[in-house]
Amino acid sequence: MSLSIGLIVDGYVKLNNRSALENLLAHRRELLQQLNCVTGVDPKPAIAQVRQDITAIERALAALAQE
């Protein structure tokens, strides 16, 4: 996970902003779908990064659900 996404996710968790996390997750999933359709360049590094971001967001949502 990138530092910036980590800080954003942590901020949303501290604010208990589930809606913002869900929007961020939806955006990352859409981005992943678009990256999977890329041709002409190797999108694997970007795909790996987005997957890490998705995992971090999903963990944060799970943590909020337990509260």
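These numbers come from a predicted model, not from an experiment. (Residues numbered from 1 in each chain as written. Predicted model: local features only at pLDDT ≥ 70, side-chain atom pairs only at ≥ 80, totals over all residues. Heavy atoms only, no water.)

Let us look at the pattern of salt bridges. With the rule as written, the count across this model stands at three salt bridges. The shortest N-O distance in the salt bridge between arginine 18 and glutamate 22 comes to 3.2 Å. Note that arginine 18 and glutamate 22 are positioned in helix 2 (residues 18–35) at a spacing of four residues, about one turn of the helix. Notably, a salt bridge pairs arginine 28 with aspartate 53, separated by 3.5 Å at the nearest N-O pair. Linking arginine 28 in helix 2 with aspartate 53 in helix 3 (residues 44–66), this pair joins segments that are 25 residues apart in sequence. An identical accessibility class is assigned to arginine 28 and aspartate 53; each is buried. (Salt bridge = Lys/Arg side-chain N within 4 Å of Asp/Glu carboxyl O. Helix = DSSP H or I, 4+ residues; strand = E, 2+ residues; numbered from the N terminus. Buried < 20%, exposed > 50% of the residue type's maximum accessible area, 1.4 Å probe, protein only.)

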